[in-house]
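# What the coordinates show
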Amino acid sequence: MHDKRLVAAIELKSQVGPSFGNNFNNRTEEAIGTAHDLWTAYREGAFGKHPRPFIGWMMMVEDAPESRRPVTDRSPHFPLFKEFQGASYLKTLRRSLPAARSGAAVRIRSRRLLRS
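A brief structural summary. No experiment lies behind these values; they were computed from the predicted model shown.

Take the nonpolar core next. Of all hydrophobic cores here, the largest spans nine residues; its members are Phe-20, Phe-24, Ala-31, Trp-57, Met-59, Val-61, Ala-64, Leu-90 and Leu-93. If you list the elements that add at least two residues to this core, you get helix H1 (20–43), strand S2 (54–62) and helix H3 (89–96). Aside from chain neighbours lying at most four places away, what touches Phe-20 is Gln-15, Val-61, Glu-62, Ala-64, Glu-66, Ser-67 and Tyr-89.

Bringing the environment of Asp-3 into the picture now. Along the chain, the position of Asp-3 falls in the segment before strand S1 (8–15). In this structure the side chain of Asp-3 is engaged in a polar contact, spanning 3.3 Å, whose partner is the side chain of His-2.

Our next topic: the pattern of salt bridges. By the definition in use, this model includes five salt bridges. Beyond isolated ion pairs, a larger network of salt bridges with shared partners links Glu-11, Lys-13, Arg-27 and Glu-30.

Quick look at the layout of surface pockets now. One water molecule sets the probe size; rolling that probe over the atoms shows where empty space is left. Computed from the structure, the largest pocket encloses a volume of approximately 580 Å³. In this structure, the largest pocket is lined by 22 residues; those nearest its centre are Gly-21, Phe-24, Val-71, Thr-72 and Tyr-89. At the level of elements, H1 and H3 are the ones that each hand at least two residues to the lining of the largest pocket. Looking at the lining of the largest pocket residue by residue, the classes come out as nine nonpolar, eight polar and five charged.

Taking 1.5 Å of rise per residue, 24 residues should cover 34 Å, and H1 covers 34 Å from first to last C-alpha, within 8% of that figure. Of the residues making up H1, those classed as buried are Phe-20, Gly-21, Phe-24, Arg-27, Thr-28, Ala-31 and Leu-38. Against S1, S2, helix H2 (65–68) and H3 lie the buried residues of H1. The positive-phi residue at the C-terminal boundary of H1 is Gly-45, with phi of around 85°.

Criteria and cut-off values
- Residues numbered from 1 in each chain as written.
- Predicted model: local features only at pLDDT ≥ 70, side-chain atom pairs only at ≥ 80, totals over all residues.
- Heavy atoms only, no water.
- Core = buried A, V, L, I, M, F, W, Y, C linked by side-chain atoms within 4.5 Å.
- Buried < 20%, exposed > 50% of the residue type's maximum accessible area, 1.4 Å probe, protein only.
- Helix = DSSP H or I, 4+ residues; strand = E, 2+ residues; numbered from the N terminus.
- Contact = heavy atoms within 4.5 Å.
- Polar contact = N/O pair within 3.5 Å; in protein donor to acceptor, adjacent residues only side chain to side chain.
- Salt bridge = Lys/Arg side-chain N within 4 Å of Asp/Glu carboxyl O.
- 1 Å grid on protein atoms, 1.4 Å probe; cavity = no way out; pocket = protein on both sides within 12 Å on 5 of 7 lines; lining within 4 Å.
- Points joined across faces, edges and corners; volume = space filled by probe spheres on them.
- Nonpolar A, V, L, I, M, F, W, Y, C, P; charged D, E, K, R; others polar.
- Expected span 1.5 Å × (residues − 1).

Structure representation (structure tokens):
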């Protein structure tokens, strides 16, 4: 916030195993839903008449064999797009978000996280 004006919003998420599949779906839905809600609020004037704020999203994923292993295609009705075939959860996450593909404000990093 600057002078009571929203200038930037950054969402930070993290994901550790062992259930990368369920967590991946949940984090992706949250990111899409949050972005939709924010831009709807902006369009409706909830933040006042100001320029569009900067929006960023960062996902930190545990560097684990399960996050790097190719995901099994279980789609019974439609084929996967070529770019998702044989992709790991990390690659799928990078390819799922348009901003991530364009190198914009979204950054997805894999790091070895410590478990207590």
